[in-house]
Amino acid sequence: MDPPGRRGYPALQVARTVHASDRPLPRSPRPRLAAAALAPALLTTALAGSGTLAAPGEEARATPTQHDALPILLRHCAACHGSVRPEADLDVRSRATLLRGGKSGPAIAPGKPDESLIVKKIRAGEMPPRTRLVEACVKPVEPRDADLLERWIALGAPEVPLEPDVAGAGPDPLVSDRDREHWSFRPPAAPAPPAVKGAGRARSPIDLFLIEKLEARGLSFSPEADRLTLLRRATFDMTGLPPEPEEAQAFLEDPDPLAYEKLIERLLASPRHGERWGRFWLDVAGYADSEGKREQDLYRPHAWRYRDYVIRASNADKPYDRFVLEQVAGDELADYERAPEIDQELYENLIATGFLRMAPDATWANITGFLQDRLEVIADEVQVLGSAVLGLTIHCARCHDHKVDPIPQRDYYRLLDVFKGAFDEHDWLKPEIVPGIGPVSADRRPPRHLPHVTAAERREWEARCAQVQKEIDALAAGPKSAEVEKRLRELEASRPSEPRIHALWDRGEPSPTYVYHRGDPLQPGRLVGPGVPSVLTDGRTPFAAAPPWPGAKSTGRRFALARWLVRPDHPLTARVMVNRLWKHHFGAGIVATLDDFGKAGAPPAHPELLDWLAVELVRGGWSLKAMHHLMVTSAAYRQSSAVTQDASRLDPDGALLSRMPLRRLDAEEVHDALLAAAGSLDGAMGGPADPFEARPDGLVTTVGSGLAWRRAVYARQERKLRPTILEDFDLPLMSPSCAQRRASTTATQALHLMNNAWVLGLAARLAERVEREAGAEPARQVERASWIALGRPPSLEEGEAALGALARMTEAWAAHLAHPGPGGAGPADGPADSRAPGRLALAAYCHALVSSAGFVYVD
C-alpha cells in the first residue's frame, strides 16, 4: 500500500525531507499562514515546484502507469533495445513495442508478471547483462524499480493519456505578471536621447546619455586623446594587433576631418577584425579542441571548423540574429540530407551547430558515459546557451526552482525537451573514440560527426585519397624491398582523414522528458513538453514547434527556440549582446555581470542607454559592425585616459566614463603583438589548430613554422594545458565556458617577459628588424624601435635615456666579449656577427621595450 498521505508517482515513494534550501522564494505577497499550516504548505509548494505532484486539479494516480515504468526501461534497457539498432529486435520505449516484443516473443504479458520475459530476465540478473554493464553504460535494475515494473505489469500494464506540461493559453500558475516586472524581463524600449547642456561635446546619441549622468555629478568628458593614442587604442580594440609605423605616419598626416572615421572603417574591413572579435564569442561558447573531464583530454579533430566559422561570420558581419539561428538550429534551417550537393550555406549551417557541442564531454569512455555523465554534458550546454545568448543563470533551476529569478524547475526541463531530439540522455552519441586511449570503449550508435563538408572539399579529399592509393598500388605491384616496405608504411600513414563536421543535429525520435526531482534521474516526476522560460513570455502563448519542412524527421523544436530568441521584442537577446560589445570597448559592461541579467545580477549603470543600444542593434539589421562603429566613433570612446582631480573624487572608479579606462592587453594580444613587433607573425588564417609542446622545464610553447607563428586564436585550445604565456596573461580554461575574463597583474607576467627564451628570441628579431629599417645610427634605432613597439616616437627624456643605456650596454658587451671569463663569450645561437656589442645592446633595449608597461597596456 501507499504510505498514508503520500501523493505523486509510486516510483517516487521514498521518504523525503523538505529542507529550507528546497523552498522557492516568494515572488509576490501572499496572506500569512498560521504556524500549523505553514509546514504542509511549504511541503506542497516544494513538491509542486519540483514536478512531483499532479498538476492543479489533476487527481493523483493510485496505480502506476507507463510513465512510471518506461523511465526505468529507458535507464536500464534502451541502450541496447532502443531506437538505433534494437538487439533481438526488441524496442522497450513504449507499451506497444514491449507487447510486440522481439525474436523471443512479447516482452510483457499484461496481468501476468511471472510470465513476462522482461521480468524473468531482470529477476535472473540477465538483463541488463552483468558482463556488459560498462560497455552499455547502464547500471543494474534496483529492487524497488523491479518491484514497480512487476506491479505495473500485474495491473495490466495500464497506459493512460497524460498531456505533457507545456505553456497554454491560460495564465501560468508558477510565474506571475509581477514576476515579469523586473527590468530585464520586459522588452527594451528606446527612449529619446536626453537634452544636455554639454551637447556640443557629443558625437553620437551614446554621448548624450553619458553626459546626462556626468552633468548630474558636476562632470563632463575628458579632452579627446591625441591621434596616436586613438590609433593604437582603436587598432588593438578592432584587430588585436598593434598599428605598423607606416600606418601611424599616414594617419598623422591625413588632413581629412573624418580621418578617424575612415580608420575605423578600414579596421572593420580587415580580416584581422574577425580573428579578434571571434575570440570573444569563442570564450562564451566554451570553444575547445579537446573533450576535457578525463586525464586523456581527448582531442577533437574537427572542432576547428567552428572556430573558423565564427571568425568568418565576424568578418562578413553576419547579422547577429542569423548568427544565433545558425548556432542554435542550423541543421533545421535547410534540408542538407536531400540536397544535391552541400554548398557553402548548408556547410555553414551545420558547422554553426558546433556551438552546442563545445561543453566538456568524457562520455567517449564507457566508465564516464553513464546517465549522470550525459546529463552533465547537457546541463553544461544549457548553461552555455543561457550565459551567451540570454544572460541568465538558467542552469540554477536544474535541481529546484531558481532561488532568485522566477524560473521554475519545470521551465528548465521544458528547455531540455526542446533539445531532446539532439541531446537525448537515453539515445546518446559519443564523442569520437580514439583506439588505444583510456579504457575500452564501444559506441553502439552512429558517430557524432557529419560528413557534409562542401562538395569542393570532398572532391579534393577524394582526389588526394586516389593519388595515395595509386602510388600504393604501383609499389605493391613492383619488386619488394625493405625500402619499398618502408615507403608503403609511410603512404598508409599519409592517407588523408575523411573531412567531417563537429555538429549537433535532430534525429527526430526524442524520449519523453520528466522533471528530475533534485536533478536526480532516478526520481522522475512530472512529464513536460518543450518550452522556454515563462518569465520571458506573456505566459499565455504556447510554444509552437513543427518539422521544418515536409517530410523532415527533425522535431523543429530548436528552430522554434531560435526564432523566439531573435524576435525583435525579445527582452534579452539584443541587450546581452550590446552589453558584451560595450564591455570590450569600455572596460566594463553597462550591466557588469555579463552572464546574469537576472535579479542577482548587477543593475545597469545606464539603463536607458542599454535599451537604446539594444533597439538600435535590431533596427540596424542586427549588424555588429555598425554597433562597433557607433561605439568607437563616440566622444566617450575618444576621451583621454588621464585622471583629473575632480574625476578622481567624483568618479573614482570611472563608472560614469568621465575618462577612458587604461587596459592591459589580453593573453592573445600580448602573444600576437610580440610576434608582430618581431616581424614573426604568420598571417595564414583558418585550418586545423596549431600544436604546442610541453617542454621538460615545465613550459608549454606553441609550435611555429620556421621562425614564424600564427596568431594565438589558431593555437590548440586544450582544457588541461595552455601555452605558458597565454596562461600567465589569463587565458581562461573552458569549464564549460568563460563569460568574462579576469585581468590580473602578477609577478609571473613580468618574469615571463623578462626571462622566457621565446620572448628573448623575439626581442632579438625585433632588434634585427630595427637595424634593417633604421640603419646603424643609435638615435634612429631608438626612434624606430619605439614606433614599432609602442606606436609612437620616444619623448625627449625617453630618447636621451635610451641612447645613454645603449652606449653603456655596448661598452659592457665589448668588455665582456674581449674578456669572456668562464661563462663563454655570450650568445652563440645566432650568426657570428650578431655578437657584435652594438647589436647585443640593441637586442637588450628592444627586450626592455617589449617588457614595459607601455607595450603591455593600451592608453
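Higher on the page you've got the structure.
In what follows, the accompanying structure is described. Starting afresh in each chain, residues are numbered from 1 along the sequence in its written order. Only residues with pLDDT of 70 or above have their local features reported here, since the model is predicted, and side-chain atom pairs are shown and tallied only from 80 upward, although totals for entire chains, interfaces and linings are computed over all residues. Note that water and hydrogens are dropped before the side-chain values are worked out from all heavy atoms of the structure.

Before going further, it helps to examine the overall build of the protein. The number of helices and strands found in the protein is 31 helices and 8 strands. Burial analysis of the protein (859 residues in total) assigns 54% to the buried set. Restricting the contact set of the protein to residue pairs at least 6 apart, pairs at least 24 apart contribute 72%. Here, Shrake-Rupley sampling with a 1.4 Å probe gives the accessible areas, and only protein chains in the shown set may cover a residue. Of the roughly 36,600 Å² of accessible surface on the protein, 57% is carried by carbon and sulfur atoms. Starting at the N terminus, helices and strands are each numbered in turn, a helix being any DSSP run of H or I of at least four residues and a strand any DSSP run of E of at least two. We call a residue buried when its accessible area falls under 20% of the maximum for its residue type, exposed when it is over 50%, and partly exposed in between, using a 1.4 Å probe and counting protein chains only. Contacts were defined at the residue level, with two residues in contact if any of their heavy atoms lie within 4.5 Å.

What follows deals with the packing of aromatic side chains. A pair of aromatic rings is counted whenever rings of Phe, Tyr or Trp (Trp by its six-membered ring) have centres within 6.5 Å, and the orientation is called stacked for planes under 30 degrees apart, edge-to-face for over 60 and tilted otherwise. Under the definition given, this model contains 16 aromatic pairs. Aromatic side chains Phe 586 and Tyr 637 sit 6.0 Å apart centroid to centroid with 90° between the ring planes, which places their arrangement in the edge-to-face category. One end of the pair, Phe 586, is in helix α20 (residues 573-586); the other, Tyr 637, is in the loop between α22 (624-632) and α23 (645-650), with 51 residues separating them in the sequence. Accessibility expressed as a relative area gives 0% for Tyr 637, which makes it buried. Aromatic rings pair up to connect Trp 281, Tyr 306, Tyr 309, Tyr 320, Phe 323, Phe 355 and Trp 622 into one cluster. Remark: a charge is flagged as sitting over a ring if the NZ atom of Lys or the CZ atom of Arg is within 6 Å of the ring centre and within 35 degrees of the ring normal. Directly above the ring of Phe 559 sits Arg 563, whose terminal nitrogen or CZ lies 4.4 Å from the centroid.

Further remarks concern the environment of Leu 385. You can see Leu 385 is positioned in helix α15 (residues 371-390). Between the C-alpha atoms of Leu 385 and Leu 356, which are 29 residues apart in sequence, the distance is 7.9 Å. If sequence neighbours within four positions are ignored, Leu 385 has contacts with Val 328, Phe 355, Leu 390, Phe 419, Leu 561 and Leu 565.

Looking at where Arg 557 falls in the secondary structure, it is placed in helix α19 (residues 557-565). We define a polar contact as two N or O atoms separated by no more than 3.5 Å, with the added condition that, inside protein, one atom must be a possible hydrogen donor and the other a possible acceptor, whereas residues neighbouring each other in sequence contribute only through side-chain atom pairs. There is a polar contact of 2.7 Å between the side chain of Arg 557 and the backbone oxygen of Asp 417. Sequence-distant contacts of Arg 557, that is, excluding residues within four places in its chain, are made with Glu 332, Asp 417, Val 418, Lys 420, Pro 510, Pro 530, Phe 543 and Ala 545.

Here we take up the pairing of strand β4 (residues 524-528). Within β4, 5 of the 5 residues are buried, which leaves it mostly tucked inside the rest of the structure. In the sheet, strand β3 (residues 513-516) pairs with β4 via 3 bridges, with the strands oriented antiparallel. Within β4, the position partnered with Tyr 514 by the bridge is Leu 527. What makes two strands pair is DSSP finding at least two bridges between them.

The rule for a salt bridge is simple: a side-chain nitrogen of Lys or Arg has to be within 4 Å of a carboxyl oxygen of Asp or Glu. Under the counting rule described, the total for this entry stands at 71 salt bridges. In this structure, Glu 492 engages Arg 495 in a salt bridge whose closest nitrogen and oxygen atoms are separated by 2.8 Å. What makes Arg 495 partly exposed here is its relative accessible area of 34%. Bridged by salt links that share partners, the residues Asp 165, Asp 172, Arg 410, Asp 411, Arg 414 and Arg 526 form one connected network.

In this section: the environment of Leu 252. Considering the arrangement of structural elements, one finds Leu 252 in helix α9 (residues 245-253). Considering only alpha carbons, one finds Leu 252 and Asp 226, 26 residues apart in sequence, at a separation of 9.8 Å. Ignoring sequence-local partners within four residues, the contact set of Leu 252 consists of Arg 227, Leu 228 and Trp 787.

So, about the nonpolar core. One finds Trp 281, Tyr 306, Phe 355, Leu 561, Trp 582 and Leu 613 to be the most contacted residues of the largest nonpolar core, which totals 136 residues. If you tally residues by element for this core, the top one is α15, at 11 residues. Residue contacts for Leu 613: discarding those within four places in its chain leaves Ile 206, Val 578, Trp 582, Ile 590, Met 627, Leu 630 and Met 631. Only buried Ala, Val, Leu, Ile, Met, Phe, Trp, Tyr and Cys residues count toward a nonpolar core, and they belong to the same one when joined by side-chain atoms within 4.5 Å. By size, the runner-up hydrophobic cluster in this structure holds 39 residues, among which are Phe 729, Ile 788, Ala 841 and Cys 846.

Listed in full, the buried residues belonging to helix α26 (residues 747-755) are Gln 749, His 752 and Leu 753. Buried positions in α26, seen along its axis, are confined to an arc of 95° and lie on one side of it. In α26, the exposed positions angled more than 90 degrees off the buried face are occupied by Ala 747 and Asn 755. Where α26 is buried, its residues meet β5 (663-664), α24 (667-678), α25 (724-728), α27 (757-774), α30 (837-850) and α31 (853-856). Directions pointing from the helix axis toward each C-beta atom define the arc.

Here helix α21 (residues 607-619) is 13 residues long and its end C-alpha atoms lie 18 Å apart, about the 18 Å a rise of 1.5 Å per residue gives. Taken together, the buried positions of α21 are Leu 609, Leu 610, Asp 611, Trp 612, Leu 613, Ala 614, Val 615, Leu 617 and Val 618. Buried residues along α21 sit in contact with α7 (205-216), α20 and α22. Downstream of α21 by one or two residues, Gly 621 has phi in the positive range, about 75°. What a helix should span is 1.5 Å times the count of its residues minus one.

Axis lines are fitted through C-alpha atoms, for helices just across the contact stretch, and the angle between N-to-C directions can take any value from 0 to 180 degrees. For the pair helix α28 (residues 778-790) and helix α29 (residues 796-818), interaxial distance at closest approach is 10 Å and the crossing angle is 120°. Judged by the inter-axis angle, α28 sits oblique to α29. When you trace α28 past α29, the crossing you get is right-handed. Facing α28, whose interface residues are Pro 778, Ala 779 and Val 782, α29 presents Gly 799, Ala 802, Leu 803 and Leu 806. For this classification, Asp, Glu, Lys and Arg are treated as charged, while Ala, Val, Leu, Ile, Met, Phe, Trp, Tyr, Cys and Pro are nonpolar and the rest, including Gly, are polar. For the contact of α28 with α29, the class distribution of residues is 6 nonpolar, 1 polar and no charged. By definition in this entry, angles of less than 35 degrees are roughly parallel, angles greater than 145 are roughly antiparallel, angles of 65 to 115 are roughly perpendicular, and the rest are oblique. Two helices cross in a left-handed way if the nearer one is turned anticlockwise from the farther one by less than a right angle. They cross in a right-handed way if the turn is clockwise.

Right, let's talk about unusual backbone geometry for a bit. Here the bond from Met 127 into Pro 128 is cis, since omega is -10°, no more than 30 degrees from zero. Looking at where Pro 128 falls in the secondary structure, it is placed in the loop between α4 (117-123) and α5 (133-136). For the bond from Ser 735 to Pro 736, the omega torsion is -5°, close enough to zero to count as cis. A positive phi angle, close to 75°, is found at Asp 730, a residue other than glycine. Secondary-structure assignment places Asp 730 in the loop between α25 and α26. Judged by its relative accessible area of 5%, Asp 730 falls in the buried class.

Let's shift gears to the packing of α15 against α19. Two numbers describe how α15 lies on α19: the axes approach to 12 Å, and their chain directions differ by 25°. Comparing their axes, α19 and α15 come out roughly parallel. Here the hand of the crossing between α15 and α19 comes out right-handed. Contacts between α15 and α19 involve Leu 385, Val 389 and Leu 390 from the first element and Leu 561, Trp 564 and Leu 565 from the second. For the contact of α15 with α19, a count of residues per class yields 6 nonpolar, no polar and no charged.

These figures capture arrangement, not role.
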